[in-house]
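Analysis of the macromolecular model
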Amino acid sequence: MWNYSLLPDDQELLAKFSKHSLIAGIVIAILGVLALLFPFYGTLATVVFVAWLMIFAGIMAVYVTVRTNPSDWLGWFKAFILVLTGLLMVFKPNLGIQALGLLLAIYFLLDTFAGFAMGSLMRPAKGWWLWSLNGALSLLLAIIFLTSWTSIQETAWLIGIFVGISLLFDGFMLIFLGTTIKGNAE
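Residues numbered from 1 in each chain as written. Predicted model: local features only at pLDDT ≥ 70, side-chain atom pairs only at ≥ 80, totals over all residues. Heavy atoms only, no water.

Remarks on the environment of Ile 30
When you line up the elements, Ile 30 lands in helix H1 (residues 11-37). A C-alpha to C-alpha distance of 30 Å links Ile 30 and Thr 85, two positions 55 residues apart in sequence. (Helix = DSSP H or I, 4+ residues; strand = E, 2+ residues; numbered from the N terminus.)

With respect to the packing of aromatic side chains
Working definition: an aromatic ring pair is given by the centre-to-centre distance plus the angle between the planes. This model, assessed by the stated rule, comprises five aromatic pairs. Each ring, one from Tyr 107 and one from Phe 108, has its centre 5.2 Å from the other, and the planes form 65 degrees; the classification is edge-to-face. Three or more aromatic residues link up through ring pairs in this structure, and these residues are Tyr 107, Phe 108, Phe 145 and Phe 162. Taking NZ or CZ as reference, Arg 123 lies 4.5 Å from the ring centre of Trp 128, over its face. (Phe/Tyr/Trp six-rings, centres within 6.5 Å; stacked < 30°, edge-to-face > 60°. Lys NZ or Arg CZ within 6 Å of the ring centre and 35° of its normal.)

Side note on the side chain of Thr 112
By the element assignment, Thr 112 lies in helix H4 (residues 93-121). Take Thr 112: its relative accessible area is 4%, and that puts it in the buried class. Setting aside its immediate chain neighbours within four residues, Thr 112 contacts Gly 135, Ser 138 and Leu 139. (Buried < 20%, exposed > 50% of the residue type's maximum accessible area, 1.4 Å probe, protein only. Contact = heavy atoms within 4.5 Å.)

Some remarks on helix H2 (residues 39-68)
For H2, which comprises 30 residues, the first-to-last C-alpha distance of 43 Å matches the rise-based estimate of 44 Å (1.5 Å per residue) to within 8%. Taken together, the buried positions of H2 are occupied by Pro 39, Gly 42, Thr 43, Thr 46, Val 47, Ala 51, Ile 55, Gly 58, Ala 61 and Thr 65. (Expected span 1.5 Å × (residues − 1).)

Regarding a nonpolar patch on the surface
Taken together, the side chains of Ile 23, Ile 26, Val 27, Ile 30, Leu 31, Val 33, Leu 34, Leu 37, Phe 38, Phe 40 and Tyr 41 make up a nonpolar region of the molecular surface, amounting to roughly 1,000 Å² of accessible area. If you list the elements that add at least two residues to the nonpolar patch, you get H1 and H2. For the nonpolar patch, the element with the highest residue contribution is H1, accounting for eight residues. Its location among the elements puts Phe 38 in the loop between H1 and H2. (Patch = residues over 30% accessible without salt bridge, like charges linked within 9 Å, V, L, I, M, F, W, Y side chains within 5 Å. Areas by Shrake-Rupley, 256 points an atom, 1.4 Å probe, with all protein chains shown as cover. Salt bridge = Lys/Arg side-chain N within 4 Å of Asp/Glu carboxyl O.)

Let's talk about the environment of Ala 79
Turning to its location among the elements, Ala 79 is positioned in helix H3 (residues 73-91). Given a relative accessible area of 2%, Ala 79 falls into the buried group. Residues Ala 79 and Ala 61 lie 18 residues apart in sequence; the distance between their C-alpha atoms is 5.1 Å. For Ala 79, the contacting residues outside a window of four places in its chain are Gly 58, Ala 61 and Val 62.

And the structure:
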């Protein structure tokens, strides 16, 4: 499955990568467990992180607009919207939670269509049903998000659980990668 022939032959580089991959994997897995144990705080951290990314992107949009074309009203408008939305999410996190919940519902609806489309395109091939199953699960998740979207507590719980699961699996994958490379480097 993995093509280890593509790995560099530099044993020192592999050892450093393995060590840092393990450290990052453990930290990310712990963050995932914390988000699963405390989903509201996991959601709040996600919303604040996204908000600050938007504020930073807005500041960068101001910089680009000033440096390239200060009379570009669309550049100023984009910067204004990014900064305003980011600040709104920082000072009114409930709105950010609802917005994030709605975005996830839309994502899962689109993923539903993609899953069913891939399943129907691959129908005679082996494993076609996995795509359709993915579409059905995405539809279920979209319905769950849409039905809980008006309740900030339910939406926050769902987002926290999803972020926690994602971080936990990302952490496990980094740990796996680090131990696999360490084993191959020896």
